[in-house]
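Each chain is listed here by its residues.
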Amino acid sequence: TVRVGVLGLQGAVREHVQAIEAIGQTAVIIKEPEQLELVDGLIIPGGESTTMRKLIDEYGFMPALQSFAESKKPMFGTCAGLILLAKSIEGYDQPHIGVMDAKVARNSFGRQKDSFEVSLDLVDIGDDFPAVFIRAPHILEVGPDVTVLAKHNGRIVAARDGQYLGCSFHPELTDDHRITHYFVEMVQDYQKTNA
Ligand code: GLN
């Protein structure tokens, strides 16, 4: 089994742990930077990106997150986690971790649609995935090496940039674990090439 970390500062941490365990893998809740050495993949959950960034700074996580990224280990950002991974955020001068070649916009889906569910077909992953959106961001632009995995109403809502996977919605809130499984395969591929 692979050990997947879930950044445990804020947000939907427990749900990601349950999804990882449901597919027979080991989850580690990461509350201190040193714990990143225990895992070969990291999920950054949904929640509130500005709050999570404050906690990242408060706990001195940023250098460890950046060297985790440099070591080519896979990282998966869901919703706020996608915002934290993106190289550029609309309306902001600076990104957060800033490693995934994508520009995101926050809170993209309007007030009356704060929260909704749609069925999405995802490239390489499968069709009819139940995608739960909660004050979700979307991806405005991606770099040349990024694969768009899904769109909703013409907007990019899931993409992969090599070791980085990001989605606007919350795959951990349903019991369809295909996206978590896809991420686990990314971690297994990392392990094979770095064994
Ligand atoms: N709106 C939140 C943000 O900007 C993201 C919401 C979520 O993660 N469900 O960080």
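Remember, predicted model here, so these are calculated numbers, not experimental data. Numbering of residues starts from 1 in every chain and runs along the sequence as written. Residue-level local features of this predicted model are given only where pLDDT is at least 70; pairs of side-chain atoms are given and counted only at 80 or more, and the full residue set underlies all totals for whole chains, interfaces and linings.

Caption draft 1: The arrangement of the UniProt feature "active site" (unreviewed entry) in the protein chain in detail. UniProt positions are given in the numbering used here, feature names are shortened, and annotations may be inferred rather than shown by experiment. Residues annotated in UniProt with the feature "active site" (unreviewed entry) correspond here to Cys 79, His 170 and Glu 172. A maximum C-alpha distance of 11.0 Å among these annotated residues, which run over 94 residues, shows that they cluster at one spot. Secondary structure elements follow DSSP: runs of H or I no shorter than four residues count as helices, runs of E no shorter than two count as strands, and numbering proceeds from the N terminus. Checked against the element boundaries, Cys 79 lands in the loop between β4 (75–78) and α4 (80–85). Note on burial: count the other C-beta atoms lying within 10 Å of the residue's C-beta; 20 or more is buried, 12 or fewer is exposed, in between is partly exposed, and C-beta positions come from the backbone. On the neighbour-count criterion, Cys 79 (29 C-beta atoms within 10 Å) is buried.

Caption draft 2: Representation of helix α2 (residues 49–58). Within α2, burial applies to Ser 49, Met 52, Arg 53 and Ile 56. Along the axis of α2, the buried positions cluster into a sector of 100°, meaning they face one direction only. Turned more than 90 degrees away from the buried face of α2 sit Thr 50 and Glu 58, all of them exposed. The inward-facing, buried residues of α2 contact α3 (62–70) and α4. Gly 60 occupies a position one or two residues after α2 and carries a positive phi of about 65°. Within this analysis, the arc is defined by the directions that extend from the helix axis to the C-beta atoms. Two residues qualify as being in contact provided that their C-beta atoms, derived from the backbone, are within 7 Å of each other.

Caption draft 3: Focus on the site of the ligand. Every residue close to the ligand is listed here: Gly 46, Gly 47, Glu 48, Ser 49, Cys 79, Ala 80, Ile 83, Arg 106, Asn 107, Ile 134 and Arg 135. Of the residues contributing to the shell around the ligand, the split by class is 4 nonpolar, 4 polar and 3 charged. Nearness is defined per residue: the C-beta atom, placed using the backbone, must lie within 6 Å of the molecule or strand. Each residue gets one label: Ala, Val, Leu, Ile, Met, Phe, Trp, Tyr, Cys and Pro are nonpolar, Asp, Glu, Lys and Arg are charged, and the others, such as Gly, are polar.

Caption draft 4: Quick peek at the nonpolar core. The term nonpolar core means buried Ala, Val, Leu, Ile, Met, Phe, Trp, Tyr and Cys residues held together as one set by C-beta atoms within 7 Å. Within the largest apolar cluster, 59 residues are counted, with the highest numbers of intra-cluster contacts made by Val 4, Val 6, Leu 42, Leu 85 and Ala 86. Filtering out sequence-adjacent residues up to four positions away, Leu 85 remains in contact with Ile 44, Met 75, Gly 77, Ile 97, Val 99, Met 100, Tyr 164 and Gly 166.

Caption draft 5: Highlighting the confidence of the model for the protein chain. The pLDDT averaged across the protein chain works out to 97; a share of 99% of its residues lies at or above 70. For this predicted complex, the interface confidence comes out at an ipTM of 0.96, alongside a pTM of 0.97. The predictor reports its confidence for every residue as pLDDT, a score running from 0 up to 100.

Caption draft 6: Seen up close, the UniProt feature "binding site: L-glutamine" (unreviewed entry) in the protein chain. Mapped onto the present numbering, the UniProt feature "binding site: L-glutamine" (unreviewed entry) falls at Gly 47, Glu 48, Ser 49, Arg 106, Ile 134 and Arg 135. What stands out for the annotated residues spanning 89 residues is how close their C-alpha atoms remain, the widest pair being 12.8 Å apart. Looking at where Glu 48 falls in the secondary structure, it is placed in the loop between β3 (41–44) and α2. Glu 48 sits in the partly exposed class, given 14 other C-beta atoms within 10 Å. Excluding anything up to four places from it in sequence, Glu 48 contacts Gln 10 and Ala 80.

Caption draft 7: Structural view of the environment of Asp 128. With respect to the helices and strands, Asp 128 occurs in strand β8 (residues 126–134). The sequence separation of Asp 128 and Glu 117 amounts to 11 residues, and the corresponding C-alpha distance is 11 Å.

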